[in-house]
Amino acid sequence: AVVYDVHEDYPSMMRDKYWLPHWSRPAAALGARLANRFAAKFFDGIVAADRGVGGDFAKTASEKTLVHYNFPALGLFASWNGAAAAQPNADLVYLGGLSERAGIFVLFDALRILARRGMRPTVRLAGYTDGERGLAAIDAALRGHDLCGQVKFDGRLAHSEVPAWLRRGRIGLVLLQAVPKFMKNIPSKMFEYWACGLPVLASDLPPVRQFLTDGKNGRLFSPGSAPGLADRIAYLLSRPEESRLLGQAGRHGIETQWNNERQVDGLISFYRK
């Protein structure tokens, strides 16, 4: 059996790849679309990481497509017991790509707004940048906004290090912007925050709303709105008990629904079929 594993919206991704020359990106996106069509016609099965990507194959290969979400494994996040594993050393944590399309500069603008109000929440970032140029842009923004003493960048983390790192924060951030890719793909970081019992503060996009209900297991803000993000950060930091309950609700969702263990049998059956 030959199975096509589709983690993301590949055609949209090609238009955002910083390492591709701008002139070549339309051709790369076309190549990705053709690869999807080829897979739909000739491969035995297709595994998509979310319904947005799975929908690309609905007309041509729906009977041989399985949606297998990138939910966290409870085995890796099993030690959460309803209380912080260690004293938090950051108010806000962010895990993932650090780029304009991922909203990192919106966060910096929000932090500058909060500083004018007399609030300077501590922030820890982990993940990857768009190469050396992207790292230089982030460093310049931190210096320009006088945020160097407030924001710490820990670089890439091994997957096994993620739970302990996240548990040192109070609020998990999802900052994605309304670009084509993020109108389909679900941010896996959201589930990892919840697996650690963190409340999630996320940009209000359709894939996020499939799982996050504002005021129930997190809070939403308008993507790209630094004032909106600043208001939500201030709100959650001033209400620790509400934040704790939002995190607990998210963790309950992970334990009962959004974990990899609940999907394994379906994946095995799909391969057997």
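Every value quoted in this text rests on a predicted model; they were computed, and no experiment measured them.

Cut-offs used in this document
Residues numbered from 1 in each chain as written. Predicted model: local features only at pLDDT ≥ 70, side-chain atom pairs only at ≥ 80, totals over all residues. Heavy atoms only, no water. Phe/Tyr/Trp six-rings, centres within 6.5 Å; stacked < 30°, edge-to-face > 60°. Helix = DSSP H or I, 4+ residues; strand = E, 2+ residues; numbered from the N terminus. Buried < 20%, exposed > 50% of the residue type's maximum accessible area, 1.4 Å probe, protein only. Pairing = 2+ DSSP bridges. 1 Å grid on protein atoms, 1.4 Å probe; cavity = no way out; pocket = protein on both sides within 12 Å on 5 of 7 lines; lining within 4 Å. Points joined across faces, edges and corners; volume = space filled by probe spheres on them. Nonpolar A, V, L, I, M, F, W, Y, C, P; charged D, E, K, R; others polar. Core = buried A, V, L, I, M, F, W, Y, C linked by side-chain atoms within 4.5 Å. Contact = heavy atoms within 4.5 Å. Expected span 1.5 Å × (residues − 1). Arc of directions from axis to C-beta. Salt bridge = Lys/Arg side-chain N within 4 Å of Asp/Glu carboxyl O.

A.B. asks: How would you sum up the packing of aromatic side chains? Please name residues and give values.
C.D. replies: According to the stated counting rule, one finds 15 aromatic pairs in the structure shown. Aromatic pair Tyr-4 and Phe-43: ring centres 5.7 Å apart, planes at 80°, arrangement edge-to-face. Remark: Phe-43 occurs in the loop between helix H2 (25-42) and strand S2 (45-48) and Tyr-4 occurs in strand S1 (residues 3-6); sequence separation between them is 39 residues. Exposure remark for Tyr-4: the relative accessible area of 14% places this residue in the buried category. Aromatic pair Phe-211 and Trp-258: ring centres 5.5 Å apart, planes at 85°, arrangement edge-to-face. Taken together, the positions of Phe-211 in the loop between helix H9 (206-209) and strand S9 (218-221) and Trp-258 in the loop between helix H11 (240-256) and helix H12 (261-272) put the pair 47 residues apart, joining distant regions of the chain.

A.B. asks: Give me the lowdown on the pairing of strand S4 (residues 90-98), citing residues and values where you can.
C.D. replies: In terms of burial, S4 is a largely internal element, nine of the nine residues being buried. When S4 meets strand S7 (residues 169-174), the two strands line up parallel, connected through three bridges. Paired with Ala-90 across the two strands is Gly-169, which belongs to S7. In this structure, S4 lies alongside strand S5 (residues 123-129), joined through seven bridges in parallel fashion. Across the sheet, residue Gly-96 finds its bridge partner in S5, namely Gly-127.

A.B. asks: Kindly report on the layout of surface pockets, identifying the contributing residues and their values.
C.D. replies: By volume, the largest pocket amounts to about 1,000 Å³. For the largest pocket, the lining is made up of 39 residues, of which Glu-8, Gly-96, Tyr-128, Ser-188 and Lys-189 are closest to its centre. Elements with a contribution of two residues or more to the lining of the largest pocket: S4, S5 and helix H8 (188-195). A breakdown of the residues in the lining of the largest pocket according to their chemical character gives 19 nonpolar, 10 polar and 10 charged. Volume-wise, the second largest pocket comes out at about 430 Å³. Along its surface, the second largest pocket is lined by 16 residues, and Tyr-18, Glu-100, Arg-101, Asp-130 and Arg-133 are the ones closest to its centre. The greatest single-element share of the lining of the second largest pocket, amounting to six residues, is contributed by helix H6 (residues 131-144). Considering only residue class, the lining of the second largest pocket consists of five nonpolar, four polar and seven charged.

A.B. asks: Explain the nonpolar core residue by residue, including any values.
C.D. replies: One finds Leu-107, Phe-108 and Met-190 to be the most contacted residues of the largest nonpolar core, which totals 62 residues. If you tally residues by element for this core, the top one is helix H5 (residues 104-116), at eight residues. Ignoring sequence-local partners within four residues, the contact set of Phe-108 consists of Leu-125, Ile-138, Ala-141, Leu-142, His-145 and Leu-147. Counting nine residues, the second-largest nonpolar core is a separate cluster that includes Tyr-4, Val-6, Ala-48 and Ala-61.

A.B. asks: Pulling in residues and values, what's your account of H11?
C.D. replies: Given a rise of 1.5 Å per residue, 17 residues ought to cover 24 Å, and the 24 Å separating the end C-alpha atoms of H11 matches this to within 8%. Every buried residue belonging to H11 is among Ser-243, Leu-246, Gly-247, Gly-250, Arg-251, Gly-253 and Ile-254, and all of these are buried. Along the axis of H11, the buried positions cluster into a sector of 155°, meaning they face one direction only. The inward-facing, buried residues of H11 abut H8, S9 and helix H10 (226-237).

A.B. asks: Please give an account of unusual backbone geometry that cites residues and values.
C.D. replies: The backbone of Asp-146 shows a phi angle near 55°, a positive value even though the residue is not glycine. Assignment of secondary structure puts Asp-146 in the loop between H6 and strand S6 (151-153). Accessibility expressed as a relative area gives 56% for Asp-146, which makes it exposed.

A.B. asks: Can you break down the pattern of salt bridges residue by residue, with the values?
C.D. replies: Within this structure, the stated rule accounts for 14 salt bridges. Linking Asp-56 and Lys-184 is a salt bridge whose minimum nitrogen-to-oxygen distance equals 2.7 Å. Of this pair, Asp-56 sits in the loop between helix H3 (51-54) and helix H4 (58-61) while Lys-184 sits in the loop between S7 and H8, and the two are 128 residues apart along the sequence. Residue class for Asp-56 comes out partly exposed when judged on its relative accessible area of 32%. On the accessibility criterion, Lys-184 (24% relative accessible area) is partly exposed. The partner of Asp-214 in a salt bridge is Arg-219, with the nearest N and O atoms 3.4 Å apart. Overall, the relative accessible area of 34% leaves Asp-214 in the partly exposed class. The network of salt bridges with common partners includes Asp-214, Arg-219, Arg-232 and Glu-242.

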